[in-house]
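Listed here are the chains, written in short residue letters.
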Amino acid sequence: MLVLGACGDNDTADVAHSVTSASAPTAAATGKHNQADVTFAQQMITHHLQAIAMADMAERRASSQDVKALAAKIKKEQRPEIKTMSRWLKSWGERVPRGVDTHRMGQGSPSAMPSMPGMMSNQQMREMMRASGKTFDTMFLTMMIKHHQGAIHMAKTEQKRGVYGPAKALAGDIVTTQTAEITKMRRMLKDRR
């Protein structure tokens, strides 16, 4: 099981600082937030945890060094974001999602995984766990494109409906970073054909 305690690294302070410094002064100074900010943080943590679970699989099962490097990049980007969003939720007195149980994926009903844009189903995660080599590479890239598209959708919703400056700034960073990664993954898929 992935737990937030295992997601720490020294980049967290830098990410938190850059997110805060890019925020709207009023929201950051007063700490005002709304339900859209809470929903964004809670759902994006769970969304990121699944992406990290997928990236962990890539480190063991992918045949392409490019896929492995992309997986490592995704983990490096998303772990500090999880810690930042967890801090916000704690400061707001809200529930912090704790993890995605990768050992139970694929067992039970397909609805066992949270229903959010771009989230892989239990069945898809189980198929990914069984794949390896070039088959895994193609599956990982295809699924991660969909996963990133879902995160972008969620981030754009936060930009429209949220009021907490740091959350809106992080949402903007997610849109920029993951849009660039989608372009790269599409190119990688095309090169495999």
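Check the entry above for the structure.
How each quantity is defined
- Residues numbered from 1 in each chain as written.
- Predicted model: local features only at pLDDT ≥ 70, side-chain atom pairs only at ≥ 80, totals over all residues.
- Heavy atoms only, no water.
- Helix = DSSP H or I, 4+ residues; strand = E, 2+ residues; numbered from the N terminus.
- Expected span 1.5 Å × (residues − 1).
- Buried < 20%, exposed > 50% of the residue type's maximum accessible area, 1.4 Å probe, protein only.
- Polar contact = N/O pair within 3.5 Å; in protein donor to acceptor, adjacent residues only side chain to side chain.
- Core = buried A, V, L, I, M, F, W, Y, C linked by side-chain atoms within 4.5 Å.
- Contact = heavy atoms within 4.5 Å.
- Phe/Tyr/Trp six-rings, centres within 6.5 Å; stacked < 30°, edge-to-face > 60°.

Undergrad: In this structure, what is going on with helix α3 (residues 35-61)? I would like to understand it.
TA: Along an α-helix, residues three or four positions apart point the same way, because every turn accommodates 3.6 residues. Under the 1.5 Å per step criterion, the end-to-end length of α3 is 39 Å for 27 residues, consistent within 8% with the ideal 39 Å. Across the 27 residues of α3, 20 count as buried, placing the element largely inside the fold. Capping the start of α3, Asn-34 holds a side-chain oxygen 3.1 Å from the backbone nitrogen of Ala-36, two or three residues further along.

Undergrad: Help me out: how do you make sense of the nonpolar core in this one?
TA: Note that soluble globular proteins tend to have their nonpolar side chains buried in a common cluster. With 51 residues, the main nonpolar core has Phe-40, Met-54, Met-85, Met-128, Phe-136, Phe-140 and Leu-141 as its most contacted residues. For this core, the elements supplying multiple residues, two or more each, are α3, α4 (65-92), α5 (122-130), α6 (133-161) and α7 (165-192). Sorting elements by how many residues they give to this core places α3 first, with 13 residues. Setting aside anything within four residues of it in sequence, one finds Phe-40 in contact with Met-85, Met-154, Ala-155, Glu-158, Ala-167, Leu-170, Ala-171 and Ile-174.

Undergrad: Even after reading the chapter, I still don't get the packing of aromatic side chains, so can you show me in this structure?
TA: Aromatic rings in a pair are described by how distant their centres are and how their planes are angled relative to each other. Within this structure, the stated rule accounts for 4 aromatic pairs. For the pair Trp-88 and Trp-92, a centre-to-centre distance of 6.3 Å together with 25 degrees between the ring planes defines the contact as stacked. Placement of the pair is Trp-88 and Trp-92 together in helix α4, with a separation of 4 residues, close to one helical turn. Overall, the relative accessible area of 8% leaves Trp-88 in the buried class. Under the relative-accessibility criterion, Trp-92 is labelled buried at 13%. In this structure an aromatic cluster arises from ring pairing among Trp-88, Trp-92 and Tyr-164.

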